[in-house]
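Coordinate inspection notes
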Amino acid sequence: MNLKLVFLVIFSVLYVASPADLPKVRTAYIEASDSESATKALHDDLVSVSKSDDKTLVAFKGAVTTMMAKYAKGIKDKKNLFKEGAELLEFAIENNPENVEIRCIRLSVQENVPKITGYTKEIDEDKQYIIENFNSISNKDSREFVKGYISKSEAFNESERQLLQGS
């Protein structure tokens, strides 16, 4: 086998097996909120993410999996996708409860799911946690993601947005 081909195969396998790039996932998640094709593409990108990976990636995978339920054909598939996604989100929070971005991801799911799912119970808790801990976010990209979500979220009133936007 040609040496270039061997390197190409090895690089391809490593690229496919590596977890997704978090800054790109943040951007893709925002796009996925309004698009079936973007949701499916992000879901495909996150398929290799496992519970042993960065918990923020696990949270994004969970959130996107719940979003996939919207596009599933049957009720059973919708229910299974939603349940799988919610479990991944809860796992991420249990393993990194101080992560403001993960709380924001869960809030984004809770705000956008039908109330019948029962997955809206922590909206107030997550909102309060984000307000109290927003200034502790040290990662610039994470901070911008959370700030961007707050600016569009119906969970936050204008005075809370102003308080956090000035931070």
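**Quick word on helix α2 (residues 22–32)**
Helical geometry note: an α-helix holds 3.6 residues per turn, so side chains three or four residues apart project in the same direction. Turning to α2, its buried residues are Leu22, Val25, Arg26, Ala28, Tyr29 and Ala32. Looking at the buried residues of α2, the elements they touch are α3 (36–46), α4 (55–68), α6 (100–112) and α8 (140–152).

**Observations regarding the packing of α4 against helix α5 (residues 75–95)**
At their nearest, the axes of α4 and α5 sit 7 Å apart, and the two run at 160° to each other. Considering their axes alone, α4 and α5 lie roughly antiparallel with respect to each other. You can see that α4 and α5 cross each other, and the crossing is left-handed. Together, Lys55, Val58, Ala59, Lys61, Gly62, Ala63, Thr65, Thr66 and Met68 of α4 and Leu81, Phe82, Glu84, Gly85, Ala86, Leu88, Leu89, Phe91, Ala92 and Asn95 of α5 make up the contact between the two elements. Partitioned by chemical class, the residues of the contact of α4 with α5 number 11 nonpolar, five polar and three charged.

**Thoughts on the pattern of salt bridges**
Applying the stated criterion across every chain yields a total of nine salt bridges. With its nearest N and O atoms 2.8 Å apart, the salt bridge here joins Glu36 to Lys40. With Glu36 and Lys40 both in helix α3 and four residues apart, this pair spans about one turn of that helix. For Glu36, a relative accessible area of 36% translates into the label partly exposed. As a salt-bridge pair, Glu125 and Arg103 come within 3.5 Å of each other at their nearest N and O atoms. Of the two residues, Glu125 is situated in helix α7 (residues 123–133) and Arg103 in helix α6; the sequence distance between them amounts to 22 residues. Its relative accessible area of 45% is what places Glu125 among the partly exposed residues. The exposure class assigned to Arg103 is buried, which follows from its relative accessible area of 9%. Put simply, Glu90, Arg103, Arg106, Glu125 and Asp126 are held in one network by salt bridges that share partners.

**A word on the nonpolar core**
Ranked by size, the top nonpolar core spans 48 residues in total, and within it Tyr29, Leu42, Leu46, Phe60, Ile105, Ile130 and Val146 carry the most contacts. Going through the elements one at a time, α2, α3, α4, α5, α6, α7 and α8 are the ones with two or more residues in this core. In this structure Val146 touches Val100, Glu101, Cys104, Ile130, Phe134 and Ile137, once residues within four positions along its chain are discounted.

**Structural notes on the side chain of Thr39**
With respect to the helices, strands and loops of the structure, Thr39 is situated in helix α3. In this view, Thr39 contacts Ala32, Val64, Met67, Met68 and Tyr71; residues no more than four positions away in its chain are not counted.

**Brief notes about the environment of Asn157**
With respect to the helices, strands and loops of the structure, Asn157 is situated in the loop between α8 and α9 (158–165). A distance of 2.8 Å separates a polar side-chain atom of Asn157 from the backbone nitrogen of Glu160.

**Here's the deal with the packing of aromatic side chains**
Within the structure shown, the criterion is met by four aromatic pairs. Taking the centre distance of 6.2 Å and the plane angle of 55° together, the rings of Tyr29 and Phe145 count as tilted. With Tyr29 in helix α2 and Phe145 in helix α8, the pair connects residues that are 116 residues apart, well separated along the chain. Each member of the pair, Tyr29 as well as Phe145, is classed as buried. Ring geometry for Phe60 against Phe145: centres 5.4 Å apart, planes inclined by 75°, an arrangement best described as edge-to-face.

Procedures and definitions
- Residues numbered from 1 in each chain as written.
- Predicted model: local features only at pLDDT ≥ 70, side-chain atom pairs only at ≥ 80, totals over all residues.
- Heavy atoms only, no water.
- Buried < 20%, exposed > 50% of the residue type's maximum accessible area, 1.4 Å probe, protein only.
- Helix = DSSP H or I, 4+ residues; strand = E, 2+ residues; numbered from the N terminus.
- Contact = heavy atoms within 4.5 Å.
- Axes fitted to C-alpha atoms, helices over the stretch in contact; angles between N-to-C directions.
- Parallel < 35°, antiparallel > 145°, perpendicular 65-115°, else oblique.
- Left-handed = near helix turned anticlockwise from the far one by under 90°.
- Nonpolar A, V, L, I, M, F, W, Y, C, P; charged D, E, K, R; others polar.
- Salt bridge = Lys/Arg side-chain N within 4 Å of Asp/Glu carboxyl O.
- Core = buried A, V, L, I, M, F, W, Y, C linked by side-chain atoms within 4.5 Å.
- Polar contact = N/O pair within 3.5 Å; in protein donor to acceptor, adjacent residues only side chain to side chain.
- Phe/Tyr/Trp six-rings, centres within 6.5 Å; stacked < 30°, edge-to-face > 60°.

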